[in-house]
Every structure is written in C-alpha cells, then in structure tokens.
Amino acid sequence: MKPLIIANWKMNPTTTKEAKKFFGDFKKELKNIKNAEVVICPPFVYLATSDKRQATRIKLGGQDCFWEAKGAYTGEISPQILKDLGCQYVILGHSERRKYLGETNEMINKKIKTALKNRLRPILCVGETLEERKKGKTNQVIQRQLTKSLQNIQYPVSSIEDLTIAYEPIWAIRTGNPCLPQDAKEVGLFIRKILSKILGKKISESCRIIYGGSVNSKNAADYIKKAEMNGLLVGGASLSAKEFGRIVRSIL
Ligand code: PGA
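The structure presented is a predicted model; accordingly, all values stated were derived computationally and were not measured.

1. Examining the nonpolar core
Then, in step 1: Judged by nonpolar contacts, the single largest core of 64 residues is most densely connected at Ile5, Phe26, Leu146, Ile191, Tyr211, Leu232 and Phe244.
Then, in step 2: Ranked by the residues each element gives to this core, the list is headed by helix H9 (residues 181-199), at seven residues.
Then, in step 3: Here Ile191 is in contact with Val126, Ile142, Leu146, Ile165, Tyr167 and Ile209, once residues within four sequence places are set aside.
Then, in step 4: By size, the runner-up hydrophobic cluster in this structure holds eleven residues, among which are Leu4, Val39, Cys41 and Ile210.

Here it is as structure tokens:
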C-alpha cells in the first residue's frame, strides 16, 4: 500500500491567480515523488484551474460532495461533477463540516454510498473532541461514527478497497498540538478492528487508515513509521508547496 498524502487546502487561497500558482508550485515540488500517492483537495472552483495533465502525478479530490447525482440542490456538488473535473477522491465528514454545517453521520452515510456508487474514493474523517478524550470516550465516539457512516453500504467489491479512514482528533486540528504517535497508533488499531466487524476482515485490511491534525515536516514520518498510519491528511502545512514537499519526502 503506497502512503496516501492529502493536501486539504480548505477555503484557501482566495484568488484564481494564487490557486494557479499553488498548483504550479506543487507540481514542481513533487515532480520526482513516486512512492506516495499525493492528492490535492482545493476549493471546488479551483479544480477546473488545475491543468488536467498535472493530475497524472498529483491526483485531485473534492472537500465534500452531495448524495444526489443532479437536480434542484442549490449550492451542492455531485460526485459526477467532481469526476468530470478530474477528481478521484473526496473527503467526507470532515469535523469542520460537522461543526459549522451540522453534518451528521446519517448524511455522511448517504454521501459515502453515492461516492462509492460513482467510483469516487471516499476519505471518511472521524475523531473525538478534547472533552471526549479526557472522559475516555475516544473509542466509543469513533465506533459510533464508523458504524453509522458505513451502515448498509452497497458497493462494487473492487471499490471498497478504495475507502480511506482519516483519524483526525478534533483537538489536534489547527492547534499545533498533534496527537502523540503512540496514541494515534492505538486509535488506528481500534479503527481497523471496527472496520473488520463492519466490512469483514479482508476488506478492512485493504483500507487505508491515515492521520490528520497539525501534521508538519517534523512529525510526519512518526505517523507513518511509529504510528503505522497508511498516510496523512494535511491542512495548514499544505498551504506551502515547500513544506508539503518536505512532508512527502520525509516519509519515504
Ligand atoms: P491541520 O488540519 O493540518 O491544519 O491541523 C488538518 C485537517 O483538518 O484535515
């Protein structure tokens, strides 16, 4: 399994000109990378500004998608639209969407089903708040998020292998306070155990489990080597092509 390193630009940058420069800088910075799968998830509108030829090495992903294919759903983007723009992946259930837009596990479940049906690879984000961790409820929260989000998924067998789970403790996102690698490892093992119950052993073993939350070039390798994660979801540090390049090189 090649490590999957995802750049989540969130709501950045704020001009097309900057977005084009970002894409160009990333392309230069990552041109010799072969041992990792790199995916950029820009705001939707910039997907079209990425030169399709670049997408061969650097893949594209959406930061969200809706659960219907098309129609009267103002403001939404469907998996088909994302695929047409060259996306292979889609982040679903990010904690910022759960917090600011009220996304529930039930909504995320519908989105995962539609994404899989359209052969768009979902990256399902799960993670606990600081309060939940302090109360020792981490596993309980993660189990609920996984069970509800992956309920009754119907999929072509070949595509479920493309499901990725991102462990993103909410208290570690954008705080500069990353999860200790040994703690991330414990949660990663727990996620694999729950996946095995939900999807069966064989499929669960083929899913990637990645870490996100204050990843930078100094701590990235620890999550791959010590925490045995299959990749990283990088937010803030992915807004610099140089720092993102260092992250990708550090894990190889
Ligand atoms: P961060 O964000 O790297 O800025 O902590 C990670 C994420 O939200 O995916």
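2. Considering the packing of helix H7 (residues 138-149) against H9
Then, in step 1: Running from amino to carboxyl end, H7 crosses H9 at an angle of 35 degrees, the nearest separation of the two axes being 10 Å. Considering only the axes of H7 and H9, their crossing is right-handed. Of the residues in H9, those in contact with Thr138, Asn139, Ile142, Gln143, Leu146 and Thr147 of H7 are Val187, Phe190, Ile191, Ile194 and Ile198.
Then, in step 2: Across the contact of H7 with H9, the residue classes tally to seven nonpolar, four polar and no charged.

3. Side note on the site of the ligand
Then, in step 1: Around the ligand sit 13 residues, and of these Lys10, His94, Glu168, Arg174 and Gly236 come closest.
Then, in step 2: Within the backbone of Arg174, a nitrogen or oxygen atom sits 2.7 Å from an oxygen atom of the ligand.
Then, in step 3: Within the backbone of Ser214, an N or O atom sits 2.8 Å from an oxygen atom of the ligand.

4. Re H7
Then, in step 1: Relative to the 16 Å expected for twelve residues at 1.5 Å per residue, H7 spans 16 Å between its end C-alpha atoms, a close match to the ideal helical length.
Then, in step 2: Among all positions in H7, only Thr138, Val141, Ile142, Gln145, Leu146 and Ser149 are buried. For H7, the angular spread of the buried residues around the axis is 125 degrees, confining them to a single face.
Then, in step 3: Those residues of H7 hidden inside the fold are in contact with helix H4 (95-101), helix H5 (105-117), strand E5 (121-126), helix H6 (130-134), strand E6 (164-167) and H9.

5. A look at the sheet that holds E5
Then, in step 1: On the basis of which strands lie adjacent, the closed barrel formed by eight strands has the order E1-E2-E3-E4-E5-E6-E7-E8 and parallel pairing. The average angle at which neighbouring strand axes cross in this sheet is 25 degrees, direction not considered.
Then, in step 2: Each of E5 and E6 touches H7; the most contacted strand, E5, lies at about 150 degrees to it.
Then, in step 3: Relative to strand E1 (residues 4-8), helix H12 (residues 241-250) is tilted by about 165 degrees, and along the sheet it contacts E1, strand E2 (37-41) and strand E8 (231-234).

6. Quick look at the packing of aromatic side chains
Then, in step 1: By the definition in use, this model includes eight aromatic pairs.
Then, in step 2: Taken together, the ring pairs connect Trp9, Phe22, Phe23, Phe26 and Phe244 into an aromatic cluster.
Then, in step 3: Above the plane of the ring of Trp67 lies Lys110, whose end atom (NZ or CZ) is 4.1 Å from the centre.

7. Here's the deal with the pattern of salt bridges
Then, in step 1: In total, this model carries 20 salt bridges according to the counting rule given.
Then, in step 2: Across the pair Lys59 and Glu37 runs a salt bridge whose closest N-O atoms are separated by 3.0 Å. Note that Lys59 is positioned in strand E3 (residues 58-62) and Glu37 in strand E2, a separation of 22 residues in sequence.
Then, in step 3: We classify Lys59 as buried; its relative accessible area is 18%.
Then, in step 4: With a closest N to O distance of 3.8 Å, Glu106 and Lys148 form a salt bridge. Here Lys148 lies in helix H7 and Glu106 lies in helix H5, a separation of 42 residues in the sequence.
Then, in step 5: According to the relative accessible area criterion, Glu106 is partly exposed, its value standing at 45%.

8. Remarks on unusual backbone geometry
Then, in step 1: Residue Asn12 is joined to Pro13 through a cis peptide bond whose omega torsion reads -10 degrees.
Then, in step 2: Notably, Glu228 is not glycine yet its phi reads approximately 55 degrees, a positive angle.
Then, in step 3: Position of Glu228 among the secondary structure elements: in the loop between helix H11 (220-225) and E8.

Cut-offs used in this document
- Residues numbered from 1 in each chain as written.
- Predicted model: local features only at pLDDT ≥ 70, side-chain atom pairs only at ≥ 80, totals over all residues.
- Heavy atoms only, no water.
- Core = buried A, V, L, I, M, F, W, Y, C linked by side-chain atoms within 4.5 Å.
- Buried < 20%, exposed > 50% of the residue type's maximum accessible area, 1.4 Å probe, protein only.
- Helix = DSSP H or I, 4+ residues; strand = E, 2+ residues; numbered from the N terminus.
- Contact = heavy atoms within 4.5 Å.
- Axes fitted to C-alpha atoms, helices over the stretch in contact; angles between N-to-C directions.
- Left-handed = near helix turned anticlockwise from the far one by under 90°.
- Nonpolar A, V, L, I, M, F, W, Y, C, P; charged D, E, K, R; others polar.
- Near = heavy atom within 4 Å.
- Polar contact = N/O pair within 3.5 Å; in protein donor to acceptor, adjacent residues only side chain to side chain.
- Expected span 1.5 Å × (residues − 1).
- Arc of directions from axis to C-beta.
- Pairing = 2+ DSSP bridges.
- Phe/Tyr/Trp six-rings, centres within 6.5 Å; stacked < 30°, edge-to-face > 60°.
- Lys NZ or Arg CZ within 6 Å of the ring centre and 35° of its normal.
- Salt bridge = Lys/Arg side-chain N within 4 Å of Asp/Glu carboxyl O.

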